[in-house]
Amino acid sequence: MSMDQEPERDGAGNDDKNGKRRKRAKRKLDVRVYEKELLRLQTELVKLAAWVKGKGLKVVVLFEGRDAAGKGGAIKRITEAISPRLCQVVALAAPTEREKTQWYFQRYVAHLPAAGEIALFDRSWYNRAGVEHVMGFCTDEEYEEFLRTAPEFERMLIRSGIILVKYWFSVSDEEQERRFQARNKNPIKRWKLSPMDLESRKRWFDYSRAKDEMFKRTDLDDSPWYMVEADDKRRARLNCIAHFLKQIDYHDLTPIEITLPDPQEPDPAYVRPPIESMRFVPNVR
C-alpha cells in the first residue's frame, strides 16, 4: 500500500457518493483551533442541556466503535459542560449471572433517562452484535434474535418520546494499533487495555464483518447510525458534538445575569476556632 492510499476502514463508508475513495486529512487539527471551537460547542451544550431540562426531553446517545476509537474522549468533552444531575454516563460492566438470565435489553432499560435528562451510553445493547457475537459469548440464535429485535426496541423508545442518536466511531487499523502501543507504554492509561481489547487486535476482520451486518440490519431511517471518522481525535470530538447539537431544535434558555446578595455581616460574638487546630493537607510543591 502506498502512502497516498486510504487504509482499509472498519466497514462501509470509505467511498463518497461518486464511488471515489475519500482521503483523510493528513495533518492533525491545530490544538489552538480545536480548543477555541470546543469552547464554543461546549457553550452550546450548556444551552442544549437547559432546553432538555426546561422542556422535559429525554435524550439517549449511543457511542459505539472500535476499541481505542475515541468514544470516551468525546463523551468526556460533552460531560465537561453539562451538570451531572442532567447528564448520566452509562458504561456497564459484563453482565452478572443473574443478568444473563434476564431479557437482554432489561439491564439497559434501567438506565434510560427520565424527563429532563440525557443518557450517554459508552457502549450499549449493541455489545451483542459486536463483542458478544465475535467472541462467542452468545449463541447464534441469541445473536439473530438481537438483530431482529433491536429495531423494534428502538422504535418503542422513540414512540415513548425518547430522542435516540447512534454514533459509530471509525478508526483505521494503523491508528488503532498506534493508540494501543501508546497506551501500553503509559502506566496511567495501561488499564484501558482490557483482555477484550487485546483479542480484538487478532480479530479485526471478524469485527468488521460483524459491524457491517449490524449496520445492514439496524441502520434504519427511524434510528440511523452516524459515522464519526476518528483517526484525528480532535476533529472527531468537534464533529460529533456539532452533529449532536443539530439533532435537537433547542433555544437559548441561559439564565440572565443576576445581582448577587450582599454577604452576611460577621457576628462579633462568634469566635472561630484557631486555625492551628485544623488538619490541612500538606503542600507538596
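These numbers come from a predicted model, not from an experiment.

Caption draft 1: How the structure looks around the pairing of strand S1 (residues 58-65). The buried fraction of S1 is high, at seven of eight residues. Where S1 lies against strand S4 (residues 162-170), eight bridges are found, and the strand directions are parallel. Bridging across to S4, Glu64 finds its partner in Trp168.

Caption draft 2: Spatial organisation of helix H6 (residues 140-159). With 20 residues, H6 extends 29 Å from end C-alpha to end C-alpha; this agrees with the ideal 28 Å at 1.5 Å per step. Burial in H6 covers these residues: Tyr143, Phe146, Leu147, Thr149, Ala150, Pro151, Phe153, Glu154 and Leu157. Looking at the buried side of H6, the elements it contacts are helix H4 (106-109), helix H5 (131-134), S4 and helix H9 (204-218). Gly161, located one to two residues past H6, shows a positive phi value of around 105°.

Caption draft 3: Quick peek at the pattern of salt bridges. One pass over the structure, following the stated rule, counts 19 salt bridges. Note that Arg123 is salt-bridged to Asp67, the shortest N-O span being 2.8 Å. Of this pair, Arg123 sits in the loop between strand S3 (117-122) and H5 while Asp67 sits in the loop between S1 and helix H2 (71-79), placing them 56 residues apart in sequence. Using a relative accessible area of 15% as the deciding quantity, one classes Asp67 as buried. Arg217 is the salt-bridge partner of Glu213, the closest N and O atoms lying 3.4 Å from each other. Highlighted residues: Glu213 and Arg217, both in helix H9, separated by four residues, approximately one helical turn.

Caption draft 4: Spatial organisation of the packing of helix H7 (residues 173-185) against helix H8 (residues 195-202). Where H7 meets H8, the closest approach of the two axes is 12 Å, and the angle between their N-to-C directions is 145°. Remark: the crossing between H7 and H8 carries left-handed chirality. Residues Gln176, Glu177, Phe180, Gln181 and Arg183 of H7 form the contact with H8, whose own contacting residues are Asp197, Ser200 and Arg201. Looking at the contact of H7 with H8 residue by residue, the class counts come to one nonpolar, three polar and four charged.

Caption draft 5: Structural context of empty space enclosed by the protein. Taken as a whole, this structure holds one cavity of 30 Å³ or more when the rule is applied. A volume near 30 Å³ is recorded for the largest cavity. As for the largest cavity, its lining consists of Ala69, Gly70, Arg179, Ala230, Lys233, Ala236 and Arg237. Sort the elements by how many residues they give to the lining of the largest cavity and helix H10 (residues 233-246) lands first, with three residues. Looking at the lining of the largest cavity, its residues break down into three nonpolar, one polar and three charged.

Caption draft 6: Structural detail: the sheet that holds strand S5 (residues 225-229). On the basis of which strands lie adjacent, the open sheet formed by five strands has the order S2-S3-S1-S4-S5 and parallel pairing. Edge positions in the sheet fall to strand S2 (87-90) and S5, since each of these pairs with one other strand and no more. Across the sheet, the mean angle separating the axes of adjacent strands is 20° when strand polarity is ignored. Strand direction decides the pairing type here: S2 and S3, joined by four bridges, are parallel. What sits directly across from Val90, in S3, is Phe121. The sheet strands contacting H10 are S1, S4 and S5, and the helix crosses S4 at an angle near 160°.

Caption draft 7: Expanded view of the packing of aromatic side chains. Tallied over the full model, the rule gives 18 aromatic pairs. Both rings, one in Trp103 and one in Phe105, keep their centres 5.4 Å apart while their planes meet at 55°; by these two values the pair is tilted. Overall, the relative accessible area of 44% leaves Trp103 in the partly exposed class. Both rings, one in Tyr104 and one in Phe146, keep their centres 5.7 Å apart while their planes meet at 85°; by these two values the pair is edge-to-face. Taken together, the residues Tyr104 in the loop between helix H3 (97-100) and H4 and Phe146 in helix H6 connect sequence positions 42 residues apart. For Tyr104, a relative accessible area of 16% gives the class buried. Assessed through its relative accessible area of 3%, Phe146 is described here as buried. Through a chain of ring-to-ring contacts, three or more aromatic side chains come together here, namely Trp103, Tyr104, Phe105, Tyr108, Phe121, Trp125, Tyr126, Phe146, Phe153, Trp168, Phe215 and Trp225.

Caption draft 8: Just H7, in detail. When the terminal C-alpha atoms of H7 are compared, their 19 Å separation across 13 residues agrees well with the 18 Å that a helix rising 1.5 Å per residue should span. Burial in H7 covers these residues: Glu175, Gln176, Arg179, Phe180 and Arg183. Around the axis of H7, the buried residues are gathered within 140° of arc, so they sit on the same side. Elements in contact with the buried residues of H7: H8, H9 and H10.

Parameters at a glance
For every chain, the first residue of the written sequence is number 1, and numbering continues from 1 along that sequence. Predicted model: local features are reported for residues with pLDDT of at least 70 only, side-chain atom pairs are reported and counted for 80 or more only, and whole-chain, interface and lining totals are derived from all residues. The basis for every side-chain value is the complete set of non-hydrogen atoms in the structure, without hydrogens or water. Note on exposure labels: buried denotes an accessible area under 20% of the residue type's maximum, exposed denotes more than 50%, and partly exposed covers the range between, all computed with a 1.4 Å probe on protein chains only. Counting from the N terminus, the helices are the DSSP runs of H or I reaching at least four residues and the strands are the DSSP runs of E reaching at least two. Think of it this way: DSSP has to see at least two bridges between two strands before they count as a pair. Multiplying 1.5 Å by the residue count of a helix minus one yields the expected span of that helix. Should any heavy atoms of two residues lie within 4.5 Å, those residues are considered in contact. By convention in these notes, a salt bridge is any Lys or Arg side-chain nitrogen within 4 Å of a carboxyl oxygen on Asp or Glu. Think of each axis as a best-fit line through the C-alpha atoms, taken over the contacting stretch in the case of a helix, with angles from 0 to 180 degrees between the N-to-C directions. Crossings are classed by handedness, with left-handed meaning an anticlockwise turn of the near helix from the far one by less than a right angle and right-handed meaning a clockwise turn. Three categories are distinguished: nonpolar for Ala, Val, Leu, Ile, Met, Phe, Trp, Tyr, Cys and Pro, charged for Asp, Glu, Lys and Arg, and polar for the others, with Gly belonging to the last. Cavity means a closed set of points on a 1 Å grid over the protein atoms alone, one where a 1.4 Å probe fits but cannot get out, pocket means an open set with protein on both sides within 12 Å along at least 5 of 7 lines, and lining means a residue has an atom within 4 Å of a point. Grid points are joined across faces, edges and corners, and a volume is the space filled by probe spheres set on the points. Pairing of aromatic rings covers Phe, Tyr and Trp, the last counted by its six-membered ring, and requires centre-to-centre distances within 6.5 Å; plane angles under 30 degrees mean stacked, over 60 mean edge-to-face, and any other angle means tilted. Each direction from the helix axis to a C-beta atom contributes to the arc, which is the arc of those directions.

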